[in-house]
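Results of the structural survey
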Amino acid sequence: MTYTTQGIHHVTAISGEIDRTLDFYGRILGLRMVKQTVNYDDPGTWHLYFADEMGRPGTVLTFFPWPGGVRGRRGVGQAAVTGFLISPASIGLWTERLRANNIEFEGPTRRFDDEVMSFADPDGMQLELIARPDAMAVAPWDGGPVPAEHAIRGFHGVTLWVRGDPGTAALLTEFFGYRLAGQEGARTRFMAPGPIGNAVELLQTSELRHAAGGVGTVHHIAFRAPDDATQLEAQRLLWDHDIAVTPVRDRQYFRSIYFREPGGVLFEIATDGPGFTTDESPAQLGTGLRLPSWLEPDRDRIARNLPPLPAALPKEQGVPHAVR
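Because the structure is predicted, anything quoted here is derived from the model rather than measured.

**A short note on helix H2 (residues 91-100)**
- Of all the positions in H2, only Ile91, Trp94, Thr95, Arg97 and Leu98 are classed as buried. An end-on view of H2 places all buried positions within 170° of arc, on one side of the element.
- Buried residues along H2 sit against helix H1 (18-28), strand E5 (78-86), strand E6 (105-111), strand E7 (114-120) and strand E8 (126-131).
- Just downstream of H2, Asn102 is the residue with a positive phi angle, here 60°.

Written out as structure tokens, the structure reads:
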């Protein structure tokens, strides 16, 4: 039943106030906003993409902002923590950077021989910076507010909260092709062969509550498929094993299928292409509202109904001006 993924394609989360999201992920974490579009299933909601310079798979964190929305709840059946990859030489800079921005954090602590710093974004979404020696092999974005040698290189991976059911681990190894990489207490790490976004950690928890979606939570995790043929083969394998999976959906910059893994987390399999430069040049990524062809006739109405983005953002944020 195996198709071997290179790891995580993107993580999609729900945020609250747009200004805070742009400031935190653009200025403080130093990610580039590479796309302003909408939730194609709910065009009244922005869909904002942060990533490296080009939006390469394994670096993409996306948000559905819900200003004034209800706060979500952490619990089992959820991607509870999103981890970013940094160089071990960058721990000192990030310690000072978080302190300078009044962000409370824990660590660094040791986990699987890596150094880990834990903190939360303004909406309470749990994040980590994981320092791994192999991060130096991944080229950083050199145009952001964080010095390139210390910049976030992409994802380390995600931590899923589980409650003893072996189904999630079996799916990772028998379907996605992850290998068991280690265990420390209640935490088990699985690794894919890709250079970034290649870790999924399962944390066995005694938490009795199930997760509730909302502001400050991850909506879904997307895994990489190199092309359409591989994605269709993965879809067929899921169908053959009685796992309900959606038809292929065109997301303009990739194509997607969705299903629930045994622990309840919403998983996606997304193609690596065609990428974010299909409707913007590399220099202009993230500088204006982009819509797919089927929504373009409603551009004026959609733009009027969207919450406003800041007219301009400080250059040090590494986020281009918001232009509709």
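**Digging into the pattern of salt bridges**
- Throughout the structure, instances matching the rule amount to 20 salt bridges.
- Between Arg187 and Glu201 there is a salt bridge, and its shortest N-O distance comes to 2.8 Å. A residue pair is termed long-range when its members are at least 10 positions apart, and Arg187 in strand E11 (residues 187-191) and Glu201 in strand E12 (residues 199-204) qualify at 14 residues. The pair formed by Arg187 and Glu201 is uniform in burial state, with each residue classed as buried.
- A cluster of three or more residues bridged by salt bridges with shared partners is formed by Arg111, Asp114, Glu128, Arg187, Arg189 and Glu201.

**Looking at the sheet that holds E6**
- On the basis of which strands lie adjacent, the open sheet formed by eight strands has the order E6-E7-E8-E5-E9-E12-E11-E10 and mixed pairing. With one partner strand each, in any of the chains shown, E6 and strand E10 (179-184) form the two edges of the open sheet. Shown here is a sheet whose adjacent strand axes are inclined to one another by a mean of 25°, direction ignored.
- As paired elements, E5 and strand E9 (residues 155-162) share six bridges and run antiparallel to each other. Bridging from a neighbouring strand, Phe84 pairs with Phe155 of E9.
- Of the strands in this sheet, E5, E6, E7 and E8 are in contact with H2, which crosses E7 at around 10°.

**Thoughts on the sheet that holds strand E4 (residues 60-65)**
- Overall, mixed pairing links the eight strands, which are arranged E2-E3-E4-E1-E13-E16-E15-E14 in an open sheet. The two strands at the open ends of the sheet, each matched to only one other strand, are strand E2 (32-39) and strand E14 (249-250).
- Where strand E13 (residues 217-225) meets strand E16 (residues 266-271), five bridges bridge the pair, whose relative direction is parallel. If you follow Phe223 over to E16, its bridge partner there is Ile269.
- In the packing of H1 onto the sheet, the strands contacted are strand E1 (8-15), E2, strand E3 (42-51) and E4, and the crossing angle to E3 comes to about 15°.

**Details of unusual backbone geometry**
- Gly107 connects to Pro108 through a cis peptide bond whose omega is 5°.
- Mapped onto the fold, Pro108 is located in strand E6.
- Residue Pro274 is bonded to the preceding Gly273 through a cis peptide linkage, with omega at 10°.
- Residue position: Pro274 is located in the loop between E16 and helix H5 (299-305).
- In this structure, Asp242 takes a positive phi of about 60° despite not being glycine.
- Within the element layout of this structure, Asp242 appears in the loop between helix H4 (228-240) and E14.
- By relative accessible area, which is 74% here, Asp242 ends up exposed.

Parameters and conventions
- Residues numbered from 1 in each chain as written.
- Predicted model: local features only at pLDDT ≥ 70, side-chain atom pairs only at ≥ 80, totals over all residues.
- Heavy atoms only, no water.
- Buried < 20%, exposed > 50% of the residue type's maximum accessible area, 1.4 Å probe, protein only.
- Helix = DSSP H or I, 4+ residues; strand = E, 2+ residues; numbered from the N terminus.
- Arc of directions from axis to C-beta.
- Contact = heavy atoms within 4.5 Å.
- Salt bridge = Lys/Arg side-chain N within 4 Å of Asp/Glu carboxyl O.
- Pairing = 2+ DSSP bridges.
- Axes fitted to C-alpha atoms, helices over the stretch in contact; angles between N-to-C directions.

So, to be careful, I would describe these as geometric facts and stop short of saying anything about function.
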